[in-house]
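Each chain is listed here by its residues.
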Amino acid sequence: MNHDELPRRHDPLTFGNAIAVAELMRPNAAVGLLDERPPELRALRDADHPTCPYYRFLYAISHLFAPIDAIEIGTYVGTSAAHLAHGTAGKVVTIDSNPDAKAQVDALGMANITAVTMDSTDAKEKWWDARFDVLFIDGNHTFNQAWGEYFLYRQLVLDGGLILFDDVNLEMDGDEMNVMWDLIPEPKHRADWLHATGFGIVQKVDKISVSVPSWAQAMKIAKPMIEARRKPNPR
């Protein structure tokens, strides 16, 4: 990548620009991405962990292409929501069924983050009329849950927006997250160097030519794939 291809501040948020940012964060990249995060972000849990550079990626896209509005499934302790929201005019909604997650986010004191304590399948109706530039799926890492959230929440993402998946290479019996990733029909890019357990970038596409299977359709396709990838029980 030469300097003319580097994303610049205030460029539009596009699939290509997001990939360019991720590529700048490859280990040993010829042109690297400077870590411009303030100390208060770097001090958050896991924010500077060597296996989790995806936090830097979230911060970079929110600042280079700001303001963006994002919705996140899987708050945990609020580190990713804080990286998307810090120092920008964009709004971030983060959803988790654990009430402790909301308390952690509220303690950050960031007015542009809304933390919601609900099951993700119920929370979607609360935001039915909203539209977001970015959807970040980092909830329960099973095919059943991840595909259901993808199918439901992609409807809230603007055409051309980003759908980000964490832990797409999570080691588990049946390789469920990789099966889920393989079935996504929209333009996609793996950036597993952003997280030790995998990270994926997807472009939301409203074209009629891209048909996203419903949860029931996807489960029917995925079930034999997951079974085929299960490790045989030792006898």
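Above this text is the structure in question.
Reading the values: rules and limits
Residues numbered from 1 in each chain as written. Predicted model: local features only at pLDDT ≥ 70, side-chain atom pairs only at ≥ 80, totals over all residues. Heavy atoms only, no water. Pairing = 2+ DSSP bridges. Helix = DSSP H or I, 4+ residues; strand = E, 2+ residues; numbered from the N terminus. Right-handed = clockwise from strand over helix to strand, strands pointing away. Axes fitted to C-alpha atoms, helices over the stretch in contact; angles between N-to-C directions. Contact = heavy atoms within 4.5 Å. Phe/Tyr/Trp six-rings, centres within 6.5 Å; stacked < 30°, edge-to-face > 60°. Buried < 20%, exposed > 50% of the residue type's maximum accessible area, 1.4 Å probe, protein only. Lys NZ or Arg CZ within 6 Å of the ring centre and 35° of its normal. Polar contact = N/O pair within 3.5 Å; in protein donor to acceptor, adjacent residues only side chain to side chain.

Explain the pairing of strand β3 (residues 113-117) to me, please; I cannot follow it from the model alone.
A regular strand places its side chains on the two faces of the sheet in alternate fashion. In this sheet, β3 lies alongside strand β2 (residues 92-96) in parallel orientation, the contact comprising five bridges. Counterpart to Val93 in the pairing with β3 is Thr114. Considered for its hand, the β-α-β crossover made up of β2, helix α5 (residues 99-108) and β3 is right-handed.

Sorry if this is basic, but what is going on with the sheet that holds strand β7 (residues 199-203) here?
Within a beta sheet, neighbouring strands are joined by backbone hydrogen bonds and run either parallel or antiparallel to one another. A sheet is described by the order of its strands in space; here seven strands give the open sequence β3-β2-β1-β4-β5-β7-β6, paired in mixed fashion. The open sheet has two edge strands with one neighbour each: β3 and β6 (188-190). Between one strand axis and the next, the sheet turns through 15 degrees on average, direction left out of account. Together, β2 and β3 form the strand contacts of α5, whose direction differs from that of β3 by roughly 165 degrees. Across the sheet, helix α7 (residues 143-153) touches β1 (70-73), β2, β4 (132-137) and β5 (157-166), and the angle it forms with β4 is around 170 degrees.

Could you clarify how one ought to interpret the packing of aromatic side chains in this entry?
We describe a pair of aromatic rings using the distance from one ring centre to the other and the angle between the two ring planes. Scanning the entire structure with this criterion turns up nine aromatic pairs. Look at Trp147 and Tyr150: their rings are 5.0 Å apart centre to centre, the planes differ by 80 degrees, and that puts the pair in the edge-to-face class. Taken as a pair, Trp147 and Tyr150 lie in helix α7 at a separation of three residues, close to a single helical turn. For the pair Trp147 and Tyr150, one class covers both residues: buried. The ring of Trp193 carries Arg26 above its face, with NZ or CZ at 3.8 Å from the centroid. The positively charged end of Lys126 is found above the aromatic ring belonging to Trp127, 5.9 Å away from the centroid.

Please clarify how unusual backbone geometry should be interpreted in this entry.
A negative phi angle is the norm for most residues apart from glycine, just as the trans form is the norm for most peptide bonds. Backbone geometry at Tyr76 places phi at a positive 55 degrees, although glycine is not the residue there. By the element assignment, Tyr76 lies in the loop between β1 and α4 (79-85). In this structure Tyr76 comes out as partly exposed when scored by relative accessible area, which is 45%. Backbone geometry at Asp167 places phi at a positive 60 degrees, although glycine is not the residue there.

Even after reading the chapter, I still don't get the side chain of Thr94, so can you show me in this structure?
Here Thr94 lies in strand β2. Polar contacts involving the side chain of Thr94 include one to the side chain of Thr75, which spans 2.7 Å. Excluding residues that lie within four positions of it along the chain, Thr94 makes contacts with Glu72, Thr75, Ala81, Val105, Ile113, Thr114, Ala115 and Val116.

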